[in-house]
Amino acid sequence: MRFLVCLRQVPDSTVRVKPTSDGKGIDGQGVTWSISPYDEYAIEMALERKDADPSTIVAVVTVGPARSRDALRQALAMGCDEASLILADEPVAPLAVARALAKIVAEAKPDLVLCGKQASDDDQGFVGPALAEALGWPHVATITKFVPQAGAAELWREVEGGHEVWKAALPALATVHKSEKEPRYPSLPGIMKAKKKEIPERALSALGVDAAGPTWTVLAMEPPPVRGGGKILKDGDAKQIAQQLATALRDEAKVL
């Protein structure tokens, strides 16, 4: 079985980002970049299948600037077999990203394409469903489990009180909410092997992608307001502290 995982490089969640001087983007100076967390779960889901069946091939692809090679190297170090980069130095509209990825899927001919349900920077969740539409493939969103079947896939989705189980004929596309296991860390041997692997690159313009389509304009970015200090209630017994807490929530926090 062959998987293709579409990933995106985003600012690491542990880094405090700052807007640029014009307030219309993120200042990349000093930012640590990593694979978007839900994309890591998608990679882990594919690698779990590879663990069970070593004949499985897991490839990764991304559309982005040259620094995106680091994210692809990380995926290779986790255990993926192949990686490719569609080079785009300028921001690309999500619909154009989906169209570019559709070209790669047509060439790679995977059985199952996995995408994170949404990127952690813009939270749009657009590319996966748009890619499925561009391919004309069945699509199941926010899955947590994959079970292979003859010519099909059983795809599990978490819902309130349990799971939904969907069956899709292959090839198909799914967006991943979480995998059964937390994403693995790259091993030292994996890191060494990843350094030696070739990562083919192509310019986005070379794919002949139609870049037309809806997009957006960022009007302004600003950091969230500074949080006020906390308040510790410790005078009195449990009943008195509960009364103080209720008063503070009503009169100070204005949430009651």
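Structure: see above.
Conventions we followed
Residues numbered from 1 in each chain as written. Predicted model: local features only at pLDDT ≥ 70, side-chain atom pairs only at ≥ 80, totals over all residues. Heavy atoms only, no water. Helix = DSSP H or I, 4+ residues; strand = E, 2+ residues; numbered from the N terminus. Buried < 20%, exposed > 50% of the residue type's maximum accessible area, 1.4 Å probe, protein only. Contact = heavy atoms within 4.5 Å. Areas by Shrake-Rupley, 256 points an atom, 1.4 Å probe, with all protein chains shown as cover. Lys, Arg positive; Asp, Glu negative; His and termini not counted. Charge placed at Lys NZ, Arg CZ, Asp CG, Glu CD. Core = buried A, V, L, I, M, F, W, Y, C linked by side-chain atoms within 4.5 Å. Salt bridge = Lys/Arg side-chain N within 4 Å of Asp/Glu carboxyl O. Pairing = 2+ DSSP bridges. Axes fitted to C-alpha atoms, helices over the stretch in contact; angles between N-to-C directions. Expected span 1.5 Å × (residues − 1). Parallel < 35°, antiparallel > 145°, perpendicular 65-115°, else oblique. Left-handed = near helix turned anticlockwise from the far one by under 90°. Disulfide = S-S within 2.5 Å.

Undergrad: Quick question: what am I supposed to make of the overall build of the protein here?
TA: A tally of helices and strands in the protein yields 6 helices and 11 strands. Looking at the 256 residues of the protein, the share that counts as buried comes to 37%. Sequence-distant contacts in the protein: of pairs separated by 6 or more residues, those separated by 24 or more amount to 71%. For the protein, the exposed area adds up to about 14,900 Å²; of that, 53% sits on carbon and sulfur atoms. Of the charged side chains in the protein, 31 are positive and 34 negative, and the gap between their average positions amounts to 2 Å.

Undergrad: Got a minute to help me understand the nonpolar core in this structure?
TA: One recurring pattern in soluble globular proteins is that nonpolar side chains are buried together. Membership of the largest hydrophobic core comes to 34 residues, with the highest contact counts inside it found for I43, V60 and L114. Not counting residues up to four positions away in its chain, the partners in contact with L114 are F3, L4, V5, C6, A42, M45, A46, I143, A174 and V176. Grouped together as the second largest cluster of nonpolar side chains are 25 residues, A102, V105, L131 and L173 included.

Undergrad: Quick question: what am I supposed to make of the side chain of D39 here?
TA: With respect to the element layout, D39 can be found in helix α1 (residues 37-52). Here D39 occupies a buried position and makes no salt bridge, while the nearest side chain of opposite charge, R8, is found at 7.1 Å. Sequence-distant contacts of D39, that is, excluding residues within four places in its chain, are made with V5, C6, L7, R8, C115 and G116.

Undergrad: Is there a simple way to explain the pairing of strand β9 (residues 162-169) in this structure?
TA: The side chains of a regular strand alternate between both faces of the sheet. In this structure, strand β8 (residues 152-159) lies alongside β9, joined through 8 bridges in antiparallel fashion. The partner of A153 across the bridge, within β9, is A168. The antiparallel pairing of β8 with β9 creates a hairpin that spans 2 residues between the two strands, and G161 there sits at a positive phi of about 90°.

Undergrad: I keep staring at the side chain of T175 and nothing clicks. Help me out?
TA: Turning to its location among the elements, T175 is positioned in strand β10 (residues 172-176). A relative accessible area of 3% places T175 in the buried class. Leave out the neighbours within four places in its chain, and T175 touches C115, G116, K117, G128, P129, H139, V140, A141, T142 and I143.

Undergrad: Can you help me understand unusual backbone geometry in this one?
TA: A negative phi angle is the norm for most residues apart from glycine, just as the trans form is the norm for most peptide bonds. In this structure, P171 follows L170 across a cis peptide bond, with omega equal to 5°. Position of P171 among the secondary structure elements: in the loop between β9 and β10. The phi torsion at T142 lies on the positive side, around 50°, for a residue other than glycine. Here T142 is to be found in strand β7 (residues 139-149).

Undergrad: I would appreciate a short explanation of the sheet that holds β9 in the present structure.
TA: Paired through their backbone hydrogen bonds, the strands of a sheet run either parallel or antiparallel. On the basis of which strands lie adjacent, the open sheet formed by 9 strands has the order β9-β8-β7-β10-β6-β1-β4-β5-β11 and mixed pairing. The open sheet has two edge strands with one neighbour each: β9 and β11 (201-203). Between one strand axis and the next, the sheet turns through 30° on average, direction left out of account. Docked against the sheet, α1 engages β1 (2-6), β4 (57-64), β6 (112-116), β7 and β10, running at close to 145° with respect to β6. The strands touched by helix α2 (residues 69-78) within the sheet are β4, β5 (82-87) and β11, with β5 carrying the most contacts at an inclination of about 170°.

Undergrad: I'm lost on α1 in this one. Help?
TA: The periodicity of an α-helix, 3.6 residues per turn, causes residues three or four places apart in sequence to face the same way. With 16 residues, α1 ought to run about 22 Å at 1.5 Å a step, and its terminal C-alpha atoms sit 23 Å apart, in line with that. Buried within α1 we find D39, E40, Y41, A42, I43, E44, M45, A46, L47, E48 and K50.

Undergrad: Hey, could you run me through the packing of helix α3 (residues 94-108) against helix α4 (residues 127-135) in this one?
TA: Two numbers describe a pair of packed helices, the interaxial angle and the distance between the axes. The interhelical angle for the contact between α3 and α4, taken along N-to-C directions, is 50°, at an axis separation of 8 Å. As the angle between them shows, α3 and α4 are arranged oblique. Crossing handedness for the pair α3 and α4: right-handed. Contact residues: α3 offers P94, V97, A98, L101, A102 and V105, while α4 offers V127, A130, L131, A134 and L135.

Undergrad: Before we go on, may I ask you to explain the state of the cysteines in this structure?
TA: A covalent bond between the sulfur atoms of two cysteines is referred to as a disulfide. Counted under the stated rule, the structure contains 0 disulfides. In this structure C80 is a free cysteine whose sulfur lies 12 Å from that of C6, the closest cysteine sulfur available. C115 takes part in no disulfide bond, and the closest cysteine sulfur to it belongs to C6, at a distance of 4.0 Å.

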